Amino acid sequence: MDWQKWHDRYDAPESPLAWRLGVVQDRVRAALDAAPPGPLRVVSLCAGQGRDLLGVLPTHPRREDVRARLVERDPANVATARRTAAALGLPGVEAVTGDAALLDHYADLVPAHLVLLCGVFGNITDADIERTVEACTQLCAPGARVIWTRHRKAPDQVPRICGWFENRGFVREWITPGDRVQSVTVHRFTATPAPLQRGTRVFDFVGYDRLTRTSRQPGPDGRTVRAAGGATP
Ligand SMILES: C[S@@+](CC[C@H](N)C(=O)[O-])C[C@H]1O[C@@H](n2cnc3c(N)ncnc32)[C@H](O)[C@@H]1O
């Protein structure tokens, strides 16, 4: 998967991904509107080019309060995010090249007020999604919001993922209608943050294409069928 090219889909205004980006940006705006006064910490896992946060921050009244870390594995996407942040005059936004699954990346920025998990849950196994949700209890300050996305292709795992959040002190604040192929959900953390477990890696970014391939299994008639866990970003 060419993760730079993947971002070109955002430039097609009618695409489901462009719709998703608009929704995520609206939710980022709302989360910043509702955030407590004072310095705000934001972390984005698998941030890509950071279009969600960087699309909102320049015109938001809290722009000077925000310190953000975007963790992304593709150096060219990181370079794009850095260039954009510099061009927009946002020195508080840092883009780093690295494995976002490693909790050490967030050590000095947690507990954060906003956690972005966009384009992640369609690319990792269900067990890793649950592990990542669990890690959100280490990343989030009380009252923090997690904005996360996931496709709703069958089997729709969004209700299950919501349950994983809601069993861990998160309250569902907002969710897109179930008939859209892409979903965006906001969960607010209402419990006490757990200490960050340094040295922990919470997911393996398999990629939706590989995840889909490995979840194909022979059906009863010998033909290949899609099994639970198949995914798109
Ligand atoms: C589906 S895109 C989502 C990008 C961005 N969050 C968005 O919603 O626009 C997934 C991104 O994760 C990045 N990625 C893949 N594995 C990663 C890892 N282990 N750590 C950090 N980034 C990773 C890819 O390079 C890609 O840019």
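Residues numbered from 1 in each chain as written. Predicted model: local features only at pLDDT ≥ 70, side-chain atom pairs only at ≥ 80, totals over all residues. Heavy atoms only, no water.

Draft legend 1. View of the sheet that holds strand β1 (residues 40-45). Here we have seven strands laid out as an open sheet, ordered β3-β2-β1-β4-β5-β7-β6, and mixed in their pairing. The strands lining the two open edges of the sheet, one partner per strand, are β3 (93-97) and β6 (170-175). The mean inter-strand angle of the sheet, taken between neighbouring strand axes irrespective of direction, is 20°. Direction of pairing for β1 relative to strand β2 (residues 66-72): parallel, over a ladder of six bridges. Of the residues in β2, the one forming a bridge with serine 44 is leucine 70. Helix α4 (residues 126-139) contacts β1, β4 (112-117), β5 (140-151), β6 and β7 (182-189) of the sheet and is inclined by roughly 155° relative to β5. (Pairing = 2+ DSSP bridges. Helix = DSSP H or I, 4+ residues; strand = E, 2+ residues; numbered from the N terminus. Axes fitted to C-alpha atoms, helices over the stretch in contact; angles between N-to-C directions. Contact = heavy atoms within 4.5 Å.)

Draft legend 2. Region of interest: helix α1 (residues 16-34). For α1, spanning 19 residues, the distance from its first C-alpha to its last is 27 Å, which sits close to the expected 27 Å at 1.5 Å a residue. For α1, the set of buried residues is Leu17, Ala18, Arg20, Leu21, Val23, Val24, Gln25, Val28, Ala31 and Leu32. (Expected span 1.5 Å × (residues − 1). Buried < 20%, exposed > 50% of the residue type's maximum accessible area, 1.4 Å probe, protein only.)

Draft legend 3. Looking closely at the side chain of glutamine 138. Tracing the chain through its elements places glutamine 138 in helix α4. For glutamine 138, a relative accessible area of 11% gives the class buried. At a separation of 2.8 Å, a polar atom in the side chain of glutamine 138 contacts the main-chain amide nitrogen of glutamine 197. Contact partners of glutamine 138, with chain neighbours within four places excluded, come to Leu103, Val110, Ala194, Pro195, Leu196 and Gln197. (Polar contact = N/O pair within 3.5 Å; in protein donor to acceptor, adjacent residues only side chain to side chain.)

This is a description of form; function is not addressed.
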